[in-house]
Amino acid sequence: MLTGLTWQRAETDGMKMKLYKGVILLFLGLFIKVSVAGNSTQVFYIELEFESLVDVNVTKFLGQLKEIDLANATVTQFNSTTKCNLSEINKQCQCMPGYTWSDDVECTDQCTLNINRTAVCLTINKVSIDGTTTITNRDCTILCDQSLIESSKHKEELQNLTTMLATKYSQLDYFDSLVITGYGSGSLILNYTVIYLGPVSMIKLQNVVQQVENTNLVTKGFINIDIAEHQPVDINSSATITCTPSGDMGPTVNWFLTNGQNKTTEITNGQEATLKTNGSKSIAQLKYFSESWKGTFKCVYAMNAISHTASEQLDVALLPNIQALSDPQFPDCRGVSSTNLKVYCNISADSENYTVTWISSAYRTTVGPTDRIGNRISYTAYFNIKCIDETLKVSCTFKNNRSRNNLTRTQNMQIPIILENSITCPPEGVWPIAKSSYTATLTCDNSGVGRRMRNCTGGVWSKEISTCVNANLFEIQTDVQELNKGIGFIKDNADQLFQRINDSTTLKMFTFPNIETSVKIFGVMDDVSIRQQNQWNDTVMSKLVSSASNLLNDPSGWKNPKTEDTFISVQYLKTIERMMNNSNLISNVPYISLNAQMVLCNHTSAADLCKTFNASVSNSDNSVVVFGFRNLYQILPTAQGNYSNTTILSVTPVNATNMNRSITLEFDFAKQRLPNHMIYCVYWDENLNNWSSEGCTWAGADNPTSCTCTHNSAFTILMSKNAETLPYMDELTYAGLGISILSLLVCLIIKILVWDAVVKSPISNFRHVALFNISLCLLFAHCTFLTTAKPENIPPNWCAILTLIKHFFFLAVFFWMLCLSFVLLHQMIYVFDRLRKKVFLGLSITVGYVCPIIAVAVTYITFNNGAEGEYYSKSTCWLTYKGTLKGSLFAFIFPIGAIVFVNLFTLAVVIMKIATPSISEAKARDEKDVAKSMIKTIVFLSPVLGLSWILGFFVLGLDLTVKPWAALVNYSFTIFNSLQGLFILLTNCVGEKKIRDALLKRFKIKQSVHSKTESSTKAQSSIMRK
């Protein structure tokens, strides 16, 4: 039966297949094993023809045949592959179980072939190997020389290398061929393909690889891949792809997808894909998958230098994204009974077979031609509408004819019709006429993706709202969504993605849709990074910071045109914080961009190293990542009643277990703090979605730039827009001034009434003149103060005048107090040297009135001739205070400070005089009397010497943010000085015995005169009656 059979070594035969014809009608495949040195093998095919009557006998004989020994070979493993039934002109053939038709036969099951054509079925266990071997002791001089390709030298070199490799690989069963497919320099690099027409032992293959050094193999045939049985599968459905290895290949398996553009990407877990294992099987599960998964799936098991692969195509029946447009947008039926309309349904071009169905409420519908423009296909329909209805309803439905479930997608349109009584917005630039209560839309300019929209309300156009996104950004978003689905790894794409984002966000004028898209891209990238357990490292941080900075170039672009809010900035901040929390940084070199800076800080970092813009962080206990935002304070929602003009610092701990370590922050902006304005150290509370000061403490007015927080977040400082106020302070002031004014009026009246009775000596005259003028000036000062209680209701010119009057009278009060102080000092020191009345009056009037006038005039001229904001404040109608030693207020404080100091000295002299009486007085007084005298002196002299104004210096020195001391001092100052007139009345009028006696005597005299007059009148009337 095998007469005439010839044998030939595989390594000299390449891909050439041996076919032999017998005389019996049976197609039989025989495997021939060569028993020469190297134990190489070769597969041959034998075609036997025999009568159908002996089919059973031949099949039985071949089944019993185990091997045939030849001179230097053994023929073994006989297998029937193909069975044919012959006719006169052709033959009907089919593959035996376990075999399938070769690629050159276009058949699936039974095949009709020409009688002379050889029918070849190959085993389904066929193995193909793509190998790369580097031969270090040879070079590529001959093979790589293009001029030698047709030479015998080149062919001989190629044949020798083929024989060398085939000698190794033909040791495995079912070896068919080895062909060198390419070569390269760098030593000698060979690429080749090996074919085995049957199962191959993985262990033996590994042994061969060890013999052929510097070799990497990629195999097909060791793994069985199962995919959806019925294809195509519908989009948004589910599918399972399973790879089952023929043996133990270890736990490491990778999945890849090659799409229609021949781009191969590794698959991982994502929103639409889940990878899992079941024993040795690897399973890729797709759920609600999109068009992205249409392509060829490949699983790869890596075992040292061998990668075992299997691949299969997944065909997906797609549905298009439909963009519907009408021309015109608003059909105009004014003056006509019917009109025509053209509607487009545009889709992206693909290879699917769609049937498009139009449905409308129009009178007549005509389907127009289908146009292809670039990568867009436009389906059109024409409608004739009667001008009766307010709107026309139109829908286009796309049905995928390849879908087994008749998959469809419909785009509905409601087209407003302008009727005779319709209110419209007129055409404006590129915007067409529009019907009121509807929205006109336009495509984006400059290849943007989205729509431009404009509402027509009551015949008036509203402002344009755009959803147009930069085409490059939209493409980046699409690529990131692919990663989110599970197609690709973020670590392989992060660098170029951040570079693309950086390049696409360098525009100075940035729109809200672009900003919103960029923030979403950042968010999705971080979601993918966390899911894939990837951390952002130093290699991408520079581009990440630059991209984040670019988004802050134009704060005005962050306002949502629909809602007028900037809450997308909150999402931006959260996203950057999450990305920093998902970072793994080593370098502490700052990453600096225009609007964003990032630095890794630890306890070894210098103070300047932890600084971003005008804020810094110091943290001795823990390493933190500090991210500073320059313009973000202008964008984030602000706390009511407060404002910020400084950097926002996001502080993220390097070690996530140390989340609540205390950190200290420094904000230079706080140096601009106005007096009595509260500083709040705050962080963004994601639960409240607002700023919160919980866990953060301000260092106070003495160290206004410092904040301490017990947690990590996004921090900043807020300054109160209004100065701190004390409750009921105004009420206390106005009530006290009212009482004081009445008291001063009473005091002045009393002094006028009893003047002659109490003023008996020059000293008494001097004192009462001073007291009278103090009371008079204080009365005018308090009245003017009350007049300016509501500065907002006072005209600007009057505000300046009233400030001058207050300034003068308050100074006059203190200068008259100084006169009184001089009188007391003179009396204490020069006991026997009396002042002359004329001298005193001249000096006191000069000091009491001329000096204040000069002081006010000099101050007025010095501060820009009384300019508003320089000399006086419009908001208070009083002198300006701009900080320590700044403002016109200090032109008032310095003289009264000097006067109060002199008065305090005077009081001290008087007390010392009381405490050290003369010898004669000392015998008559005990210590209690001395103490009482001292207390009485202090009580009586303090109001008229203005000693309570000492508290004013503490008021200036103590910021109202210093609690509770500032409140205590301010309340004391307000009470004592607003009631100064009352205290003068009580101590220097009613409290003085001479005045009381004179006042009582005066009233008694009047009463006596009144009584005598009354008695005289009665007596006269009695005499007359008599």
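All residue numbers refer to position in the chain's written sequence, counted from 1. A pLDDT threshold of at least 70 governs which residues receive local features in this predicted model, and a stricter bar of 80 or more applies before side-chain atom pairs are shown or counted, although totals over entire chains, interfaces and linings include all residues. The side-chain values count all of the structure's non-hydrogen atoms but skip hydrogen atoms and water molecules.

Novice: What should I look at first to understand the overall build of the protein in this one?
Specialist: Starting at the N terminus, helices and strands are each numbered in turn, a helix being any DSSP run of H or I of at least four residues and a strand any DSSP run of E of at least two. When you go through the protein residue by residue, the secondary structure sums to 19 helices and 51 strands. Expressed as a percentage of its 1026 residues, the buried residues of the protein come to 46%. Throughout, a contact is declared for two residues whenever any of their heavy atoms are within 4.5 Å. For the protein, the share of sequence-separated contacts (at least 6 apart) that also reach a separation of at least 24 residues comes to 67%. Carbon together with sulfur atoms contributes 54% to the accessible area of the protein, which is approximately 51,900 Å² in total. Throughout this description, buried means an accessible area under 20% of the type-specific maximum (1.4 Å probe, protein chains only), exposed means over 50%, and partly exposed covers the range between. Areas reported as accessible are Shrake-Rupley estimates using a 1.4 Å probe. Residue values count occlusion only from the protein chains shown.

Novice: Mind showing me how you'd approach the pattern of salt bridges here?
Specialist: Two side chains of opposite charge can pair, provided their charged atoms sit close to one another. Within this document, salt bridges are pairs made up of a side-chain nitrogen of Lys or Arg and a carboxyl oxygen of Asp or Glu, the two lying within 4 Å of each other. This structure, assessed with the given rule, holds 20 salt bridges. Asp445 is the salt-bridge partner of Arg452, the closest N and O atoms lying 3.2 Å from each other. A salt bridge links Asp668 to Lys611; its shortest N-O distance comes to 3.3 Å. Here Asp668, found in the loop between strand S44 (663-667) and strand S45 (679-685), pairs with Lys611, found in strand S39 (residues 611-612); they are 57 residues apart in sequence, far enough to count as distant. With a relative accessible area of 35%, Lys611 lands in the partly exposed category.

Novice: Would you take a moment to explain the packing of aromatic side chains for this structure?
Specialist: How two aromatic rings sit relative to each other is set out by the distance from centre to centre and by the angle between their planes. Each Phe, Tyr or Trp ring (for Trp, its six-membered ring) is paired with any other whose centre lies within 6.5 Å, and the angle between the two planes then decides the class: stacked below 30 degrees, edge-to-face above 60, tilted in between. Here the structure, examined in full by the defined rule, presents 28 aromatic pairs. Taking 5.9 Å as the distance between ring centres and 85 degrees as the angle between the ring planes, the aromatic pair formed by Tyr354 and Phe398 counts as edge-to-face. Of this pair, Tyr354 sits in strand S26 (residues 354-360) while Phe398 sits in strand S29 (residues 391-400), placing them 44 residues apart in sequence. For Phe398, a relative accessible area of 0% corresponds to the buried category. Three or more aromatic residues link up through ring pairs in this structure, and these residues are Phe810, Phe814, Trp878, Phe892, Trp949 and Phe973. Only when the NZ atom of a Lys or the CZ atom of an Arg is both within 6 Å of the ring centre and within 35 degrees of the ring normal do we say a charge sits over the ring. Sitting over the ring of Phe256, Lys298 keeps its end group 5.9 Å from the ring centre.

Novice: What exactly am I supposed to notice about the state of the cysteines here?
Specialist: What is meant by a disulfide is a covalent connection between two cysteines, made through their sulfur atoms. Note that a disulfide, as used here, is simply two cysteine sulfur atoms within 2.5 Å. For the structure shown, the criterion picks out 13 disulfides. The disulfide bridge from Cys799 ends at Cys877, spanning 2.0 Å between sulfur atoms. Residues Cys799 and Cys877 share a disulfide whose torsion about the S-S bond is about -135 degrees; that sign makes it left-handed. Here Cys799, found in helix H11 (residues 796-829), pairs with Cys877, found in the loop between strand S50 (872-873) and strand S51 (878-879); they are 78 residues apart in sequence, far enough to count as distant.

Novice: Could you clarify how one ought to interpret the sheet that holds strand S48 (residues 706-709) in this entry?
Specialist: Remark on secondary structure: sheet strands pair via backbone hydrogen bonds, oriented parallel or antiparallel. Paired strands are those between which DSSP finds at least two bridges. Ordered by their spatial adjacency, five strands build an open sheet running S39-S40-S44-S48-S47, and the pairing between neighbours is antiparallel. The open sheet has two edge strands with one neighbour each: S39 and strand S47 (696-698). In the sheet, S39 pairs with strand S40 (residues 615-618) via two bridges, with the strands oriented antiparallel. Bridging from a neighbouring strand, Thr612 pairs with Ala615 of S40.

Novice: So what exactly am I meant to see when it comes to the side chain of Lys751 here?
Specialist: With respect to the helices and strands, Lys751 occurs in helix H9 (residues 729-758). In this structure Lys751 touches His768, Leu771, Phe772, Asn988, Cys989 and Ile995, once residues within four positions along its chain are discounted.

Novice: What am I meant to see in the nonpolar core here?
Specialist: One broad trend across soluble globular proteins is that nonpolar side chains are buried collectively. Only buried residues count toward a nonpolar core. Its members are Ala, Val, Leu, Ile, Met, Phe, Trp, Tyr and Cys residues joined through side-chain atoms within 4.5 Å. Of all hydrophobic cores here, the largest spans 82 residues; its most connected members are Tyr169 and Tyr196. In this structure Tyr169 touches Phe175, Leu178, Tyr192, Val194, Tyr196, Val208, Thr215 and Leu217, once residues within four positions along its chain are discounted.

Novice: Explain the pairing of strand S18 (residues 264-267) here, please?
Specialist: For a regular strand, the rule is simple: side chains alternate between the two faces of the sheet. Judged from the four bridges that link them, strand S17 (residues 253-258) and S18 form a sheet pairing that is antiparallel. Across the sheet, Phe256 pairs through a bridge with Glu266, a residue of S18. Turn length for the S17-S18 hairpin, with the two strands adjacent in sequence and antiparallel, is five residues, and the turn residue Asn262 shows positive phi of about 65 degrees.

Novice: How do you make sense of the packing of helix H6 (residues 512-531) against helix H8 (residues 568-581) when you look at a structure like this?
Specialist: Two measures define how a pair of helices packs: the angle their axes make with one another and the distance between the axes. Note on method: axes are straight lines fitted to C-alpha atoms, helices fitted across the in-contact stretch only, with angles between N-to-C directions ranging 0 to 180 degrees. Between H6 and H8, the shortest axis-to-axis distance is 10 Å and the interhelical angle comes to 30 degrees. What the angle tells us is that H6 and H8 run roughly parallel. Between H6 and H8 lies a crossing whose hand is left-handed. For the pair H6 and H8, the contacting residues are Phe512, Glu516, Val519, Phe522, Gly523, Asp526, Asp527 and Ile530 in the first and Ile568, Gln571, Tyr572, Thr575, Arg578 and Met579 in the second. An angle below 35 degrees is read as roughly parallel, one above 145 as roughly antiparallel, one from 65 to 115 as roughly perpendicular, and any other as oblique. Take the far helix as your reference; a near helix turned counterclockwise from it by less than a right angle gives a left-handed crossing, and one turned clockwise gives a right-handed crossing.

Novice: Help me understand helix H4 (residues 471-485) in this model?
Specialist: Along an α-helix, a turn takes 3.6 residues, which lines up residues three or four apart on a common side. A helix is expected to span 1.5 Å for every residue after the first. For H4, which comprises 15 residues, the first-to-last C-alpha distance of 21 Å matches the rise-based estimate of 21 Å (1.5 Å per residue) to within 8%. Along H4, the residues that are buried comprise Leu473, Ile476, Val480, Glu482, Leu483, Asn484 and Lys485. Packing partners of the buried residues in H4 comprise strand S19 (273-278), helix H5 (490-504) and H6. The term polar contact refers here to a pair of N or O atoms within 3.5 Å; inside protein, the definition further demands a hydrogen-donor-capable atom paired with an acceptor-capable atom, and it admits residues adjacent in sequence only when both atoms are side-chain atoms. The backbone nitrogen of Asn472 lies 2.8 Å from a side-chain oxygen of the residue at the head of H4, namely Asn470. One or two residues past the end of H4 sits Gly486, with phi positive at roughly 120 degrees.

Novice: Got a minute to help me understand the packing of helix H10 (residues 762-787) against H11 in this structure?
Specialist: Two numbers describe how H10 lies on H11: the axes approach to 8 Å, and their chain directions differ by 160 degrees. Relative to H11, H10 is oriented roughly antiparallel. Handedness of the crossing formed by H10 with H11: left-handed. For the contact of H10 with H11, the residue count by class is 21 nonpolar, five polar and two charged. Amino acid classes used here: Ala, Val, Leu, Ile, Met, Phe, Trp, Tyr, Cys and Pro are nonpolar; Asp, Glu, Lys and Arg are charged; the rest, including Gly, are polar.

Novice: What's the story with the environment of Phe474 in this structure? I'm lost.
Specialist: Along the chain, Phe474 falls in helix H4. Given the relative accessible area of 37%, Phe474 is considered partly exposed. The residues touching Phe474, leaving out its near neighbours within four places in the chain, are Val449 and Val469.

Novice: Just checking my understanding: could you explain the confidence of the model for the protein for this structure?
Specialist: A low pLDDT score tells you not to read the predicted coordinates there in detail. The quantity called pLDDT is the predictor's confidence in a given residue, expressed from 0 to 100. This prediction gives the protein a mean pLDDT of 83; 88% of its residues lie at or above 70. Note on residues 1012-1026: pLDDT is under 50 here. Beyond four places in sequence and across chains, it has zero contacts.

Novice: Got a minute to help me understand the side chain of Ser616 in this structure?
Specialist: In this structure, Ser616 sits in strand S40. Residue class for Ser616 comes out buried when judged on its relative accessible area of 14%. Setting aside anything within four residues of it in sequence, one finds Ser616 in contact with Cys610, Lys611, Leu649, Thr664, Leu665 and Glu666.

Novice: Can you help me understand a nonpolar patch on the surface in this one?
Specialist: Residues Tyr728, Leu732 and Ile975 make up a contiguous nonpolar surface patch of roughly 300 Å² in combined accessible area. By relative accessible area, Tyr728 is classed as exposed at 61%. Only residues whose relative accessible area exceeds 30% and that form no salt bridge enter a patch; like-charged residues are grouped when within 9 Å of one another, and nonpolar side chains (Val, Leu, Ile, Met, Phe, Trp, Tyr) when within 5 Å.

Novice: Quick question: what am I supposed to make of the environment of Val253 here?
Specialist: As for its position among the elements, Val253 is in strand S17. Separated by 22 residues in the primary sequence, Val253 and Leu275 have C-alpha atoms spaced 10.0 Å apart.

Novice: Quick question: what am I supposed to make of the environment of Phe840 here?
Specialist: Tracing the chain through its elements places Phe840 in helix H12 (residues 837-862). Considering only alpha carbons, one finds Phe840 and Val769, 71 residues apart in sequence, at a separation of 10.0 Å. Non-local contacts of Phe840, meaning those with residues more than four positions away in its chain, are made with Phe766, Val769 and Val823.

Novice: It is not clear to me how unusual backbone geometry should be interpreted in this structure. Could you clarify?
Specialist: Trans is the prevailing form of peptide bonds, just as negative phi is the prevailing case for residues other than glycine. At the junction of Gln231 and Pro232, the peptide bond is cis and its omega measures out at 5 degrees in the coordinates. When you line up the elements, Pro232 lands in the loop between strand S14 (223-226) and strand S15 (233-234). With an omega of 5 degrees, the peptide bond running from Lys963 to Pro964 counts as cis. In this model, Glu564 sits at a positive phi of 65 degrees, which is unusual for a non-glycine residue. Residue class for Glu564 comes out partly exposed when judged on its relative accessible area of 41%. Residue Asn865 is not a glycine yet carries a positive backbone phi of 55 degrees. Its location among the elements puts Asn865 in the loop between H12 and S50.

Novice: Even after reading the chapter, I still don't get the sheet that holds strand S24 (residues 323-327), so can you show me in this structure?
Specialist: Taken in spatial order, the four strands of this open sheet run S24-S25-S28-S27, and their pairing is antiparallel. Looking at strand neighbours, the two that pair on one side only are S24 and strand S27 (364-373), the edges of this open sheet. For this sheet the average axis-to-axis angle between neighbouring strands, irrespective of direction, equals 20 degrees. Relative to strand S28 (residues 376-386), S27 is paired through eight bridges, and the arrangement is antiparallel. In the sheet register, Arg364 faces S28, and the bridge partner there is Asn384.

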